[in-house]
Amino acid sequence: MAAVSVTVENGIARVTISSPPVNALGHAVRVGLKEAAVKIATDEAIRGAVILAEGATFPAGADIAEFPDVPEPSHGEVFDMITALDKPVVAALHGNTLGGGLELALACHYRVAAANTKLGFPEVNLGLLPGARGSQRLPRLIGAEAALGMMLTGKPIGADKAEKIGLVDETVPAGTQDDAAIAMVTALIAKDGPLPRTTEDSEWTTKDRADPDIFDRIKADYGRLFRGVIAPDAILTCVKAAVELPYEKGVEVETSEFLRLLNSDQSRALIHVFFAMRETVKVPDIPKDTPLIDVNSVGVIGAGTMGGGIAMCFANAGIAVKLVEIKPEALERGLSVIRKNYENTAKKGRMTAEDVEMRMGLITGTLEMDDLADVDLVIEAVFESMEIKEKVFTRLDAIAKDGAILASNTSFLDLNHIAAMTKRPEMVVGLHFFSPANVMPLLEVVRGDKSSDSVIATGMKLGKALRKTPVLAGVCDGFIANRLMFPYMVASQQMLLKGTPMQEIDAAMKAYGFAMGPIALLDLIGLDVITFPGDVTMTGELVKLERRGQKLNGGFYDYDEKRRSTPSPAALEVIEKVREANGIETAPALSPEEIVASLLYPVINEGAKILEEGIALRAGDIDVAAILGYNWPSYQGGPMCWADIHGLGTIISGLEAMGIEPAKLLKEKAETGSSFT
Ligand code: CAA
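Residues numbered from 1 in each chain as written. Predicted model: local features only at pLDDT ≥ 70, side-chain atom pairs only at ≥ 80, totals over all residues.

### Observations regarding the overall build of the protein
Along the protein, the regular secondary structure elements total 28 helices and 19 strands. Computed over C-alpha atoms, the radius of gyration of the protein comes to 28 Å, within 12% of the 26 Å expected from 2.2 N^0.38 for 677 residues, which places it in the range of a compact globule. Expressed along its principal axes, the backbone C-alpha trace of the protein runs to roughly 85 × 60 × 55 Å. Expressed as a percentage of the 677 residues in the protein, the buried residues total 48%. Pairs at least 24 apart in sequence give 72% of the contacts found in the protein among residues at least 6 apart. (Helix = DSSP H or I, 4+ residues; strand = E, 2+ residues; numbered from the N terminus. Rg over C-alpha atoms; globule rule 2.2 N^0.38 Å. Buried ≥ 20, exposed ≤ 12 C-beta atoms within 10 Å, placed from the backbone. Contact = placed C-beta atoms within 7 Å.)

Structure representation (C-alpha cells):
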C-alpha cells in the first residue's frame, strides 16, 4: 500500500497514512501528504478531508532514522499547506500521536481522538524540540504553560486530559475515531463557518503576553530538567517567540533552534541511544523462529538483597516465585524486606494495599531446594563463591525438571565452570541483575559456551517481560557493565592517592552528567563490595575502621542526618597512610577536564577490548549497559558514542600519556577513520 492514499466519497477525502511499524513521517509520507494537500485544494469535488492512519498508531513522529539530513519537502512546509486549506480538515488520532505526528494533528483544523490515544512531544528526549511548527502552534492552542509542560518533560498525556485542555476537540471510543472524524467533517461542511488555525494568535497568546513572569516561573518549576542539556532552553526560546512574535517570525526562530539542536552532539548521542536501546534484543546468530521456553514459574535461590529484588521483579510481572533459603531466619528476613519494599511503594501512592498482597501472594518462601522440582526457571543468587555455586548447581541439576532453565546471577564468576557442574550446560545461562534488582532497568543475559539458542532467546524475551532492557554478554570477569566501569573506579582511587581532592573528583563527574561521582558512588555501594588491586587499598583500610560507606559510619565522606557529605578526616588519614606505604608522590590537583579524561579514557579502552573479544555484540550494547547499569548520562551517548564524538585520536594519546596501552580495536578504528557507533 502507498505510504499515503487518498479516496474520495461523498465529497470527503479520506487521507490514509500507512507506513509501518509506527507510521513515522518519512520522505514518502511527506510527499504523499503534500500531494494530498494539493489534491484537496484543487479538486472541486472535495469539500473537506480527514487524515487518519492505518495500524497501531497515528504517526509517532518524524522518521528519526532520516536525521540529521531531512530531504524536502520539510515537515513544516507540508503541515502549513494543510493548515492553509480553506476546506475543513479533521485528524483522526489513535495510538501514539507523538512529535511530528502531533504536529500534523495541530496542522489540521480539528482533532478527534480515540480514548486510548497518547499525545506528546518527546523530542526533548532526543535532544530536539518540536521543530515542524509544534513549538509555535501548541502555545497558541493550549497556552504557553501547558505547552511547555508537554515539551519540557516529553511525557505524553491521555486523550481525556487532551480534551480538557483543548488539545483535542472530541474523544471517542477506540476504533470509532475515523467514523467520528468523518461525521465531524460532514457537519463542518454543512455549517460552512470559519476554520480555526493554530497559526493564528489566540486568547492564549493575549493572556501569555500579558504575564511578564511566565517564562521565569516555568523555568523555575522545571529547573531540574535543564541540568546539563541544551534542548530545554531552546524550547523555552521558541515558545517565547510563539507568544511574542507573529507566526512566520516564530517559525524562523524555531527552525534555527531546531537545526542547531539537530546538529548538536547531544542529539547525535540521544538518537544513538534511542536506536541502541531497541537493538539490544537483536542477536544476529539466533534465528527469529527459535522456539522459546515457557516461563510460568520461577525459583530464586537466596533471599538476600539480590535474591529478594529478583523475586520482586517476577512477582511484579505476575509470575509465581519460590524463594529458597537455608535458614528460617534468613528467609523470614528476606520476605519481610520484600514486604516492606512493597509497603513503602504503597505509602507513596504508587501501589494499592491489594497490589501489595497480590504480589506477596505470588512469592512463596521455602527452606527446601527440592521444592524447585517443578519450576520452569531457577535463578541462583547466593554468595559470590565458586565453591558454594558449584554445590548449588550440582544439587540443582539433580532436582530441576527436564527443560528447566538454570540461571546464575553471578556478577563475575565463570559461567562455563558453573555450567560444567550440570549434565545440561546447554540449559545454563547468566541472568545478571543490577542492584536494587527490582529497580535497575538493565539485565545482562550471559551466554555460556554451551548455552542453547532457545535458552538465550528466552532470556532476552524474559528481560522484556520484566520491563528491563536485556543486553547479551559473553563470559568474562565482570561481563559488560561491571568490567567496563572497574577501570573507572580504580582510576578514581589512584587519583585520590596522587592528591586530587575527592570532592573535586566527584564534582567533575557530576558536571559531566553522572548523578554522583565515583567516590560518593563507592560510599553508596558499600566499601566492602568492591575489591581493588594491591596498591589502592583505601577501601580495605576504611572497612578495617568499620567505615563501610553510607550504610555504616560513612566511608570516604562523613554524612549528617540529611545525608549531606563532607570529606572524612579519617578517610584523609587513610589516603595519606596508603600513599606513604606505596611511596606515591602527590602531583598538583587535576582540572575538571583532566579528571574526566583520566577516568573515562580507561573505560573507553576497556569497552574496545570488550568489543574486540566479542563479549558485547555491538558498541551500542556497551553504551546501553553503561547508561542503564551505571547511570552514564544518556545525553553523552554512553562511553563508546562519547569516544566517537570526543575523538579516538585524542583518547589514544591520552591513554599513552597515562602509560596505558590502547586496545587494538581502538587503534584500528582511529587509523581507519571509522567509529564505534
Ligand atoms: N522514527 C523511526 N523509527 C521509529 C520511530 C521513529 N519516530 N519510532 C519508532 N521507530 C521504530 C523503532 O526503532 C522500532 O524499530 P525496530 O523494530 O526495527 O527496532 C520500531 O519502530 C518499533 O518501535 P518500539 O520498539 O519503540 O515500539 P513500542 O511499541 O515499544 O513504542 C513508540 C512505540 C512509543 C512510538 C516508540 O517507538 C517511540 O517512543 N518512538 C519515538 C517517538 C518520538 O520520539 N517521536 C518524535 C520524533 S522527532 C520529531 O518528530 C521531530 C519533529 O519535530 C519533526
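### Comments concerning the domain arrangement of the protein
Partitioning the protein into domains gives domain 1 (4-263), domain 2 (297-476) and domain 3 (481-614 + 618-677). For domain 1 and domain 2, the distance between their C-alpha centroids amounts to 45 Å. (Domains from an automatic or database assignment.)

### With respect to the sheet that holds strand E9 (residues 170-172)
Taken in spatial order, the six strands make up an open sheet running E1-E2-E3-E4-E6-E9, and their pairing is mixed. Single-partner strands in this sheet number two, and they are strand E1 (4-9) and E9. Adjacent strand axes in the sheet meet at a mean angle of 20° when their direction is disregarded. Note that strand E4 (residues 89-93) and strand E6 (residues 110-114) share four bridges and pair parallel. Bridging from a neighbouring strand, Ala92 pairs with Val112 of E6. In this fold helix H1 (residues 27-42) packs onto E1, strand E2 (12-17) and strand E3 (48-53), with an angle of close to 25° to the strand it touches most, E1. Relative to the sheet, helix H7 (residues 177-191) contacts E2, E3, E4, E6 and E9, its axis offset from that of E3 by approximately 165°. (Pairing = 2+ DSSP bridges. Axes fitted to C-alpha atoms, helices over the stretch in contact; angles between N-to-C directions.)

### A short note on the environment of Ala65
Assignment of secondary structure puts Ala65 in the loop between E3 and helix H2 (75-84). Overall, Ala65 belongs to the exposed group, with 10 C-beta atoms counted inside 10 Å. Counting along the chain gives 68 residues from Ala65 to Arg133, while the straight-line C-alpha distance between them is 20 Å.

### Description of the site of the ligand
Neighbouring the ligand are 25 residues; Ala60, Gly61, Ala62, Gly99 and Gly100 lie closest to it. Listing elements by their share of the shell around the ligand, those giving two or more residues are strand E5 (96-98), helix H3 (100-107) and helix H12 (265-279). Looking at the shell around the ligand, its residues break down into 14 nonpolar, seven polar and four charged. (Near = placed C-beta within 6 Å. Nonpolar A, V, L, I, M, F, W, Y, C, P; charged D, E, K, R; others polar.)

### Here we look at the UniProt feature "domain: 3-hydroxyacyl-CoA dehydrogenase C-terminal" (unreviewed entry) in the protein
Here, UniProt's "domain: 3-hydroxyacyl-CoA dehydrogenase C-terminal" (unreviewed entry) annotation points to residues 478-531. The annotated region residues 478-531 carries 67% helix and 0% strand content, and the separation between its end C-alpha atoms amounts to 13 Å. (UniProt positions renumbered as here; feature names shortened; annotations may be inferred.)

### Describing the UniProt feature "domain: 3-hydroxyacyl-CoA dehydrogenase NAD binding" (unreviewed entry) in the protein
Those places that UniProt annotates as "domain: 3-hydroxyacyl-CoA dehydrogenase NAD binding" (unreviewed entry) correspond, in this numbering, to residues 298-473. Counted over residues 298-473, helix gives 42% and strand 22%. Its end C-alpha atoms are 22 Å apart.

### Topic: the pairing of E3
E3 sits mainly inside the fold: six of its six residues count as buried. Residues Gly48, Val50 and Leu52 point to one face of E3 and Ala49, Ile51 and Ala53 to the other, with burial holding for every one of them. Of the strand pairs in this sheet, E2 and E3 are connected by six bridges, and their pairing is parallel. In the sheet register, Arg14 faces E3, and the bridge partner there is Val50. Viewed along the sheet, the connection from E2 through H1 into E3 turns out right-handed. A crossover links E3 with its parallel partner E4, the connecting element being H2, and its sense is right-handed. (Right-handed = clockwise from strand over helix to strand, strands pointing away.)

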